[in-house]
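# Notes for the structure review
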Amino acid sequence: MSNLFSKIYPTASLSSFGVNHQNLHSNSSTIRCCSNDEYSTGTEHNGYVLSSFPEKNLVPYQHGLVKPPRPKRIILVRHGQSEGNVDENVYTRVADPKVRLTEKGVEEAEESGRKMREMIEKDGGDDWKVYFYVSPYKRGIETLRNLAKSFDRSRIAGVREEPRLREQDFGNFQDREQMKIEKAVRARYGRFFYRFPNGESAADVYDRITGFRETLRSDIDIGRFQPPGQQSPNMNLVIVSHGLTLRVFLMRWYKWTVEQFEGLHNMTNGGMIIMERGYGGRYCLSMHHTREELQKFGMTDEMLIDQEWQKIAKPGELNYDCLITGPSYFTHFDDDDDEDKKFEL
């Protein structure tokens, strides 16, 4: 054990990682950490949250290991205008993953990159970087490549092509008239649950986005975006994807209901929605966007109230008074309260 450790960490000792030599048993594969070590209890130290899981603490700090800082923001970008946005007949002769950007779409992607860099530079940090997650669809890759023109190579921490960020699968649409029929049926049935023949529903997208969200949370927890010891709180994560996929991502992240999802509007091509780290460390939409912007996106008063809570809450906290998932489901509470008051009188 110690020999393997020394090969991985040649300048460190087991004690510097909070491991008690007396608790290493030759007949056990379990490493028991010191119970009185404050750096392994999930406490906060100098503004950093220390994880209770040693393998997630990558940065040495004094006698313990500090959990990497959370990225400054998560930026959601819809691809620029595509050939399919201009003429849906394109889908009858070109496979959806191969549909490209128009000239206008390229310009929208470039403008998105300029706005993104301007926003990041206003933070004032000199060590900022961007890390990209991108849909493998052609219009997603082309959007990434054109918006990235605004960033020097030294500012790009990395990129990951992520198939779970692909567009909703609309099935095999070679028949234009059949496409119109299916979309009309979806409008009556509901945009979230209707599944296209040989394709997906928004509910199916929700399932794969749930998996991606867990990957993203893990990446954030262990600071995969930069080497250990070089993590900066000025990291910006950028997700380049598609309109419905990004709305589903927000729905899953903030636990919005199906009804609330169906009230949302699509982002414009090349448009951005910013999830920025709030005062408590959680990602919040109202840190960047105005109330009017979020209402235009389709967010209700209840969703906006929850965003105000997100602005000050810490990671891991639960909003017990959330109007989205709590009291809105029960209509009898007020009546019961009135009855109780009668008995009190």
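Look a little higher up for the structure.
Here is a short report on the structure shown in this document. Nothing here was measured: the structure is a model prediction, and the numbers come from that model.

### What about the pairing of strand 11 (residues 272-277)?
- Two strands pair when backbone bridges link them, and strand 7 (residues 73-78) and strand 11 are joined in this way by 5 bridges, in the antiparallel orientation. Of the residues in strand 11, the one forming a bridge with R73 is E276.
- Where strand 11 and strand 12 (residues 283-284) come together, 2 bridges link them in antiparallel fashion. From the neighbouring strand, R277 faces strand 12, where its bridge partner is Y283.
- Between the end of strand 11 and the start of strand 12, which pair antiparallel, lie 5 residues, with G281 showing a positive phi angle near 115°.

### Quick word on the pairing of strand 9 (residues 156-161)
- As paired elements, strand 8 (residues 129-134) and strand 9 share 5 bridges and run parallel to each other. Residue pairing across strands places F132 opposite V159, the latter belonging to strand 9.
- In terms of handedness, the path from strand 8 via helix 4 (residues 138-147) over to strand 9 forms a crossover that is right-handed.

### As for the nonpolar core
- In this structure, I74, L216, I239, W256 and M275 are the most contacted members of the largest nonpolar core, which totals 40 residues.
- Among the elements that make up this core, the one with the highest residue count is helix 7 (residues 243-254) (8 residues).
- If near-sequence neighbours (up to four positions away) are discounted, L216 is found in contact with I74, Y133, L237, I239, F249 and W253.
- Counting residues in hydrophobic clusters, the runner-up holds 16 residues, among them M116, V238, V240 and I274.

### What to know about the packing of aromatic side chains
- What the rule picks out here adds up to 15 aromatic pairs.
- With a centroid separation of 6.0 Å and 75° between ring planes, the pair formed by W128 and F151 is classed as edge-to-face. Separated by 23 residues along the polypeptide, W128 in the loop between helix 3 (103-121) and strand 8 and F151 in the loop between helix 4 and strand 9 bring together distant segments of the chain.
- Three or more aromatic residues joined by ring pairs form one cluster here, namely Y131, Y133, F212, F225, F249, W253 and Y283.
- Directly above the aromatic system of W128 lies the positively charged group of R155, at a separation of 4.3 Å from the ring centroid.
- In this arrangement the basic side chain of R213 is found over the ring face of W253, its NZ or CZ atom lying 5.4 Å from the centre.

Basis of the calculations
Residues numbered from 1 in each chain as written. Predicted model: local features only at pLDDT ≥ 70, side-chain atom pairs only at ≥ 80, totals over all residues. Heavy atoms only, no water. Pairing = 2+ DSSP bridges. Helix = DSSP H or I, 4+ residues; strand = E, 2+ residues; numbered from the N terminus. Right-handed = clockwise from strand over helix to strand, strands pointing away. Core = buried A, V, L, I, M, F, W, Y, C linked by side-chain atoms within 4.5 Å. Buried < 20%, exposed > 50% of the residue type's maximum accessible area, 1.4 Å probe, protein only. Contact = heavy atoms within 4.5 Å. Phe/Tyr/Trp six-rings, centres within 6.5 Å; stacked < 30°, edge-to-face > 60°. Lys NZ or Arg CZ within 6 Å of the ring centre and 35° of its normal.

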